[in-house]
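Close look at the chain arrangement
Here is how the chains run, residue by residue.
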Amino acid sequence: ADLRGISVIILANVPQITAANARALEQYVYEGGGLLVAPGGLSRVENYNTLLYRNGSGVLPARLSSPVGAWSDPIYVASVDSEHAMFRFMNGWQGAPTSPIGRYFPAVPKPLDSKVLAVLATTASDPYAIEGWLGRGRVLLLTTPLDTEWNQLPLSNFYLPFLQSAIRYLSGSGGLSRNVPAGEPLVAVLDEPVEEKNVSIRGPEETPAIRGGIVATPLGQRWRVQYSGTRTPGIYRMRVGNNEITFSVQPPREESDLTPLTVERWADLKKQLSFDEIDPTRESVGTAVVHARSGRELWLLCLGGVVLLGMVELWIGGRWSGSRS
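What comes next is a walk through the structure. (Residues numbered from 1 in each chain as written. Predicted model: local features only at pLDDT ≥ 70, side-chain atom pairs only at ≥ 80, totals over all residues. Heavy atoms only, no water.)

So, about the overall build of the protein chain. When helices and strands are counted, the protein chain shows six helices and 15 strands. Relative to the compact-globule value of 20 Å for 325 residues, the protein chain shows a C-alpha radius of gyration of 32 Å, a clear excess of over 25%. Put simply, 64% of the contacts in the protein chain that link residues at least 6 apart link residues at least 24 apart. Placing the 30 positive and 31 negative side-chain charges of the protein chain at their respective mean positions leaves the two points 7 Å apart. (Helix = DSSP H or I, 4+ residues; strand = E, 2+ residues; numbered from the N terminus. Rg over C-alpha atoms; globule rule 2.2 N^0.38 Å. Contact = heavy atoms within 4.5 Å. Lys, Arg positive; Asp, Glu negative; His and termini not counted. Charge placed at Lys NZ, Arg CZ, Asp CG, Glu CD.)

Time to look at helix 2 (residues 45–53). Most of helix 2 is tucked away, with seven of its nine residues classed as buried. Close packing links the buried residues of helix 2 with strand 1 (8–12), helix 1 (19–30), strand 2 (34–38) and strand 3 (62–64). (Buried < 20%, exposed > 50% of the residue type's maximum accessible area, 1.4 Å probe, protein only.)

Attention now goes to the pairing of strand 14 (residues 234–240). Pairing of strand 11 (residues 199–202) with strand 14, which is carried by four bridges, proceeds in the antiparallel orientation. Each residue of the ladder has a partner; that of Val199, found in strand 14, is Val240. Two successive antiparallel strands, strand 14 and strand 15 (residues 243–250), enclose a turn made up of two residues, where Gly241 displays a positive phi of approximately 65 degrees. (Pairing = 2+ DSSP bridges.)

Before going further, it helps to spend a moment on the sheet that holds strand 9 (residues 179–181). A sheet is described by the order of its strands in space; here four strands give the open sequence 9-15-14-11, paired in mixed fashion. The open sheet has two free edges, formed respectively by strand 9 and strand 11, since each of these has just one partner strand. Going from strand to strand, the sheet's axes swing by 30 degrees on average, the running direction of each strand aside. Note that strand 14 and strand 15 share seven bridges and pair antiparallel. Each bridged residue has a counterpart across the sheet, and for Tyr236 the counterpart in strand 15 is Phe247. (Axes fitted to C-alpha atoms, helices over the stretch in contact; angles between N-to-C directions.)

Okay, the nonpolar core next. Grouped together as the largest cluster of nonpolar side chains are 29 residues, with contacts concentrated most on Leu36, Met86, Phe87, Tyr128, Leu140, Leu142 and Phe162. Sorting the residues of this core by element identifies strand 2, strand 6 (114–120), strand 7 (127–134), strand 8 (137–142) and helix 3 (159–170) as the ones contributing at least two each. Leave out the neighbours within four places in its chain, and Leu36 touches Ile9, Ile10, Leu11, Leu140, Leu142, Leu146, Leu163, Ile167 and Leu170. Of all hydrophobic cores here, the second largest spans 25 residues; its members include Leu52, Tyr53, Leu64 and Leu134. (Core = buried A, V, L, I, M, F, W, Y, C linked by side-chain atoms within 4.5 Å.)

In space, the six strands of this open sheet follow the order 1-2-8-7-6-4, with mixed pairing throughout. Each edge of the sheet is formed by a strand with only one pairing partner; in this case those strands are strand 1 and strand 4 (77–80). Mean inter-strand twist for the sheet, computed between neighbouring axes without regard to direction, equals 20 degrees. Where strand 1 and strand 2 come together, five bridges link them in parallel fashion. Bridging across to strand 2, Ile10 finds its partner in Leu36. Contacts from helix 3 reach strand 1, strand 2, strand 7 and strand 8, with the element oriented near 155 degrees to strand 8.

Moving on, we come to empty space enclosed by the protein. Counted according to the given criterion, the structure contains one cavity of 30 Å³ or more. Counted as a void, the largest cavity has a volume near 30 Å³. Residues of the lining of the largest cavity, tallied by class, amount to five nonpolar, two polar and no charged. (1 Å grid on protein atoms, 1.4 Å probe; cavity = no way out; pocket = protein on both sides within 12 Å on 5 of 7 lines; lining within 4 Å. Points joined across faces, edges and corners; volume = space filled by probe spheres on them. Nonpolar A, V, L, I, M, F, W, Y, C, P; charged D, E, K, R; others polar.)

The following block contains the structure:
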């Protein structure tokens, strides 16, 4: 199939793929596509390892083993990487999801170009979610299916926001937001190698360029640049060589509290700011503003001056024309 224009491909309990499928998927991810792999009871481990893992050179970020486990002895997700963009939605949650998992695929991640994002509560701390990179694209491997055949995660309040966040991340938008809350890091992913000394940050109000606190790390064949000093809301500009990336750091939501002020708070503000309070039930805002104005109206004098200048110009023009004749 023509995979151009598709943001994310999901292999959900696919039994097996062909060599042509594997080549197409590798090319798709290499060019920037997102791939989510979630094998299940129909999936043939040998086929996945041979065509997708390919001894560590393929698109799959880990080598799979035959599934293990049983519903009679369920396990759970032990922990997740809460600092990762995919799990940012869990800020404020207590611990990991508590839905039981009956069976899963043990997996050994690649030594390079992969990262374990969540682990299971097993003696070997087997992975639940593994991220991988190939070229410009991203891959997410889940070691248990997306449906309820082997686990009850789809019945939990964790499942829907997790999949939504995963799809956004794999499509290239997750973790790369240009609008971030105050205190959240600025993150950019670039195609060329980056040296931290060549990266500068300019904060709001045209403050001097910042070069400290910038971290550049390889991300597969791409580079990830991060800056965490975003306590002050405003516009931040990240300059990498000749390229400039603009970010907007949003103020805390507490500053947008629309709760009506109490009488005591109004009195305190009036004392601090020395403003006049207008009661719209007694007097309109327009009338109050007009009455508060002082000084003299000048628009009529200015208009008269313009007319006078026009007449003088006509007179001078006539005299000049007469003298030339």
